[in-house]
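Survey of secondary and tertiary structure
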Amino acid sequence: MREYQDLLECIVNSTEKQAGDFQKTAELATELLCQQLAVTYVGVCMLSCQEDQISSIANYGPLLPAIYSRPTPSDCPDYITELKNKCLLDVSDVDQDLRVTEIADVYFKPKGIMSSLDVAIRINGHLEGILYLERTFAASWTDSEIHIATHVADQLALTLATHNAYEKDERLTLLLSADEESEQMSMLINLKTDLVEYVNQAHEFISGIPKHQIIGQSFKRLNFFKQNPEQANFVLEKVSMGSVAKGESLIVREDGRQYWLRYSIKQFITERGNHYALVKADDISEEKQYQAKLEHLAWRCGLTGLYNRSYFNKELEHCQSGQLILIDLCGFKRFNDTYGHKSGDALLIEMARRLKHFAHVNKTEQLARVGSDEFAIILPMLNQMDMDYIIARLYSQLILPVIIGREQIQPKPALAIVDIESVGDSFVPLACADIALQYAKKKQTDKVQVFNNALLNSFKEDTQIERDLKTALRGREFELYYQPIKDLKSKKYIGAEALIRWHHPKKGVLYPGAFIHIAEQTGLINAIGAWVLEAACRQLNLWQHHQVNISMHVNVSARQFFSDNLFKQVWNLMSRYRLQPGSLILEITETELMEDIDYATKLCIELSELGVGLAIDDFGTGYSSMRYLKQFPISKLKIDRSFISDLTVSKESREIVSAIIAMASALNISITAEGVETKEQEDFLSEHRCHQAQGFLYSPALRESDFNQFLFKSNPGMVH
Ligand code: C2E
Ligand code: CA
Ligand code: CA
């Protein structure tokens, strides 16, 4: 028995065995056995009955091709069962031993084996592999041979067990450290005790809470549960039902920072039957930020940071009550063109800032930039008095001057207010606000307009007029009437103002007050104005042809005046009709002229060089200063009829009129008084040396034939 004691000790004490290296130990064992025992081959192979695999681990003996490998378990079930039961098969003659019949023909015989000693390598009674000793001759196995083989097999089993344990341990450590390294948060909660048993490093990193404050605590103390109790309960319910709970949650850290988690929580049962919840979560704050940024881009105005029109429309759709305020900056386009886009942007940003403040004070977040120079706000329901007060305050804040660059700019806001409830379903609130805004803009002082039904009706009427206007020119529905202008010194009629009339197919004769503003808004004024100029010049040519020596006054609207082709038009007409210099006078109101002083000055100079006079209409109603007057080559001022009608009753008007006359004389500008209706008015004007007068005292505007007769009667000998 002691025969092979050294061999066994050699294996037991080998470094290979100590290190739990199964492969190397098997190699050592096969070599030693083969050398010291009377055998031909010694080998170790591993078995897996489940996967029906056999793999050779070590082999010692004369080199043989790989085809001489042992059959897989399914090819020799009886042999395997025998080995499992007996742990040892000592076959002295493979031909005679029934226990190895299955493998005799396929394995032993081709390999030339006559006797074999197969020992099971077992762990916990489980067959893991075979240690086999083979001889090319038939002979029975001695006790000491069997003994040593069994011991070596046991040692191999031990090594394998250690190896497996090491490997398992290492795999566990590997998994653990991988989880610790992971950016994904993971947590294990014992569902029986409610305690958190494991949490990885990512949790601390994301939540800012050290591990030791979490592990061993009830999961109910987690921020997720404290801050989102409803969501958490829902998660619990789902998990306990065995389903996976997934979701996103915003959590506030102790340092006040916030983060978004996307979690997935699942129940699982350990081998020992314990119930755990496995929590996996990712920090998706960046993703959320990106999403918010995209939303911001889609819903916000890049310049002011306010919501944009799309967003506002969406909000408005859900809005059943409250006041919609639409704010427009009058003259913004011109400001932008004159001062440049940078200044334009600065003005818009300042307006937005004021509106944000207003919205904040009035506790609304529904504030948007809905157009290039338009803003909109929805205010909650208020009573009328509060509303009036709030709007007045808003208006006064918005008109406060803004310093841009070195200039002080006076913003010119116009406000429209719509009671959302009152417009009901029949109209879109923003469209109603647009209508009201048009009226607000026309106001001289406080440009604020509340939307009402009267407004809507007049808007509808205007829309009808707008439609009809489009065909009026083609249908030759316009006609020029002429109002005589009298020279107060010579008592002769020396001029005529052309005033347009519209023979509306349904409404009869329409005065300019009913349609000129619409033509201006729609741009139709350019075509109409061109027609007026042409018709007036043709008439003037006829008069001059008949030696009727009077001047023709033609009203020109701002849009027409500032359109690029007025000069060209006039130039063409002057040359086509060979009009005498000074006989054509264009009238433009002072407010309109001041819209773009530089351009106006240039044009006036060009026109005067062409021999075309320029009269400032409705003088006194605007706020143009005398300072500018010198700048323009103006031939005439027409004192607005409001001053004339007031002459007899208002001292102030008398003073203004006499001051205007004095000033104009000093500047060598001719003066016409408009709207003279009484002899007293005429007397006052004559006394103060007003040059000319026009008004119902002499004649209203007349059709051409009537005008000719009027002239003939009043200036006998003038008309040939
Ligand atoms: P305006 O240039 O101030 O024209 C004078 C207006 O006063 C005319 O009204 C005229 O009929 C009216 N009027 C004249 N004398 C008296 C008077 O003694 N008392 C009163 N109460 N009114 C008097 P109309 O023809 O209705 O024209 C209104 C405005 O329409 C004009 O005001 C002018 O600004 C504009 N307009 C008229 N024709 C044209 C045109 O061809 N082109 C453009 N762009 N505007 C025109
Ligand atoms: Ca006029
Ligand atoms: Ca006038």
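The numbers attached to residues start from 1 for each chain and follow its sequence in the written order. Written order decides the labels, with chains lettered from A and ligands numbered from 1. Confidence filtering applies because this is a predicted model: local features only for residues at pLDDT of at least 70, side-chain atom pairs given and counted only at 80 or more, and all residues used for totals across whole chains, interfaces and linings. Computation of side-chain values covers all heavy atoms of the structure but excludes hydrogens and water.

1. Focus on the site of ligand 1
The condition that has to hold: Put simply, a residue is near a molecule or strand once any heavy atom of it comes within 4 Å of that molecule or strand. For the purposes of these results, a polar contact is taken to be a pair of N or O atoms within 3.5 Å, where, inside protein, one atom must be able to donate a hydrogen and its partner to accept one; residues adjacent in sequence count only when each atom of the pair is a side-chain atom. Values of accessible area rely on a 1.4 Å probe in the Shrake-Rupley scheme; residue burial ignores everything except the protein chains shown. Strands here are runs of E lasting at least two residues and helices are runs of H or I lasting at least four, both read from the DSSP assignment and numbered beginning at the N terminus. Note on residue classes: Ala, Val, Leu, Ile, Met, Phe, Trp, Tyr, Cys and Pro are nonpolar, Asp, Glu, Lys and Arg are charged, and everything else, Gly too, is polar.
Around ligand 1, 20 residues are found, and the nearest of them are Q483, R501, R641, E677 and F696. For ligand 1, an oxygen atom lies 2.8 Å from a polar atom in the side chain of R501. One of the side-chain nitrogen or oxygen atoms of E674 is found 3.3 Å away from an oxygen atom of ligand 1. For ligand 1, whose unbound accessible area comes to 790 Å², protein coverage reaches 82%. Elements that contribute at least two residues to the shell around ligand 1 include exactly β19 (493–504) and β23 (613–619). With four residues, β19 is the largest single contributor of residues to the shell around ligand 1. Partitioning the shell around ligand 1 into residue classes produces seven nonpolar, five polar and eight charged.

2. A word on the UniProt feature "domain: GGDEF" (unreviewed entry) in the protein
How we decide: UniProt positions are given in the numbering used here, feature names are shortened, and annotations may be inferred rather than shown by experiment.
In the numbering adopted here, UniProt assigns the feature "domain: GGDEF" (unreviewed entry) to residues 320–453. A distance of 19 Å separates the end C-alpha atoms of residues 320–453, which is 47% helix and 25% strand.

3. Regarding the coordination of the calcium ion (ligand 2)
Tetrahedral coordination by four donors sets the ideal angle at the metal to 109.5 degrees; octahedral coordination by six donors sets it to 90 or 180 degrees. Rules: Here a donor is an N, O or S atom found within 2.8 Å of the metal, or within 3.2 Å if the metal is Na, K or Ca; sites may look incomplete because water is not among the atoms. A 1.4 Å probe rolled over the protein chains alone gives each residue an accessible area, and that area as a share of the maximum for its type sets the label: buried under 20%, exposed over 50%, partly exposed in between.
On the protein side, the calcium ion (ligand 2) has E497 (OE), N555 (OD1), E587 (OE) and D617 (OD) as donor atoms, found 2.1 to 2.3 Å from it. Sequence spacing among the residues donating to the calcium ion (ligand 2) works out to E-x57-N-x31-E-x29-D. For the pair the calcium ion (ligand 2) and the calcium ion (ligand 3), the metal-to-metal distance amounts to 4.0 Å, and D617 bridges them. Residue E497 is found in strand β19, and its partner D617 is found in strand β23; the two are separated by 120 residues along the sequence. Judged by relative accessible area, which is 7%, D617 ranks as buried.

4. Looking at the coordination of the calcium ion (ligand 3)
Protein ligation of the calcium ion (ligand 3) involves D617 (OD), D618 (OD), E674 (OE) and E674 (OE), the donor distances falling in the range 2.1 to 2.5 Å. Sequence positions of the residues that donate to the calcium ion (ligand 3) give the spacing D-D-x55-E. Judged by its relative accessible area of 24%, D618 is partly exposed.

5. So, the environment of H553
Selection criterion: When checking whether two residues touch, look at their non-hydrogen atoms; a contact exists if any pair is within 4.5 Å.
Secondary-structure assignment places H553 in strand β21 (residues 551–555). Other than its neighbours up to four places away in sequence, H553 contacts I485, A496, E497, A498, I585, E587, K636 and K638. Within the local environment of H553, its side chain forms a polar contact with the side chain of K636, the two groups lying 3.1 Å apart.

6. Digging into the packing of aromatic side chains
Our working definition: In this analysis, rings of Phe, Tyr and Trp, with Trp reduced to its six-membered ring, are considered paired at centre separations within 6.5 Å, and the interplanar angle assigns stacked below 30 degrees, edge-to-face beyond 60, and tilted for intermediate values. Note on criteria: charge over ring means Lys NZ or Arg CZ within 6 Å of the ring centre, with the direction from the centre no more than 35 degrees off the ring normal.
Throughout the structure, instances matching the rule amount to 20 aromatic pairs. Centre to centre, the rings of F224 and F225 are 5.5 Å apart; their planes meet at 85 degrees, and the pair counts as edge-to-face. The buried category is assigned to F224, whose relative accessible area is 12%. Taken together, F219, F224, F225 and Y263 form an aromatic cluster joined through their ring pairs. The aromatic ring of Y132 is capped on one face by R70, whose charged end is 4.2 Å from the ring centroid. Geometry around W299 places K314 over its ring, the cationic atom sitting 4.5 Å from the centre.

7. Some details on the UniProt feature "domain: PAC" (unreviewed entry) in the protein
Under the UniProt annotation, "domain: PAC" (unreviewed entry) lies at residues 245–296. Across residues 245–296, helical content stands at 23% and strand content at 56%; the span's end C-alpha atoms are separated by 30 Å.

8. As for a nonpolar patch on the surface
Here is the rule we go by: Patch membership is restricted to residues that have no salt bridge and whose relative accessible area is over 30%. Joining uses 9 Å for like charges and 5 Å for the nonpolar side chains Val, Leu, Ile, Met, Phe, Trp and Tyr. For this document, the term salt bridge refers to a Lys or Arg side-chain nitrogen within 4 Å of an Asp or Glu carboxyl oxygen.
Taken together, the side chains of Y290, L294 and L297 define a hydrophobic patch exposed on the protein surface, amounting to about 360 Å² of accessible area. With respect to the secondary-structure elements, Y290 resides in helix α10 (residues 285–299).

9. Brief notes about the domain arrangement of the protein
Quoted interface sizes are often the accessible area lost when the parts come together. Defined as follows: Reported domain spans reflect what an automatic or database domain assignment gives.
Each assigned domain of the protein is listed here: domain 1 (2–168), domain 2 (182–286), domain 3 (302–451) and domain 4 (464–714). Taken over C-alpha atoms, the centre of domain 1 sits 51 Å from the centre of domain 2.

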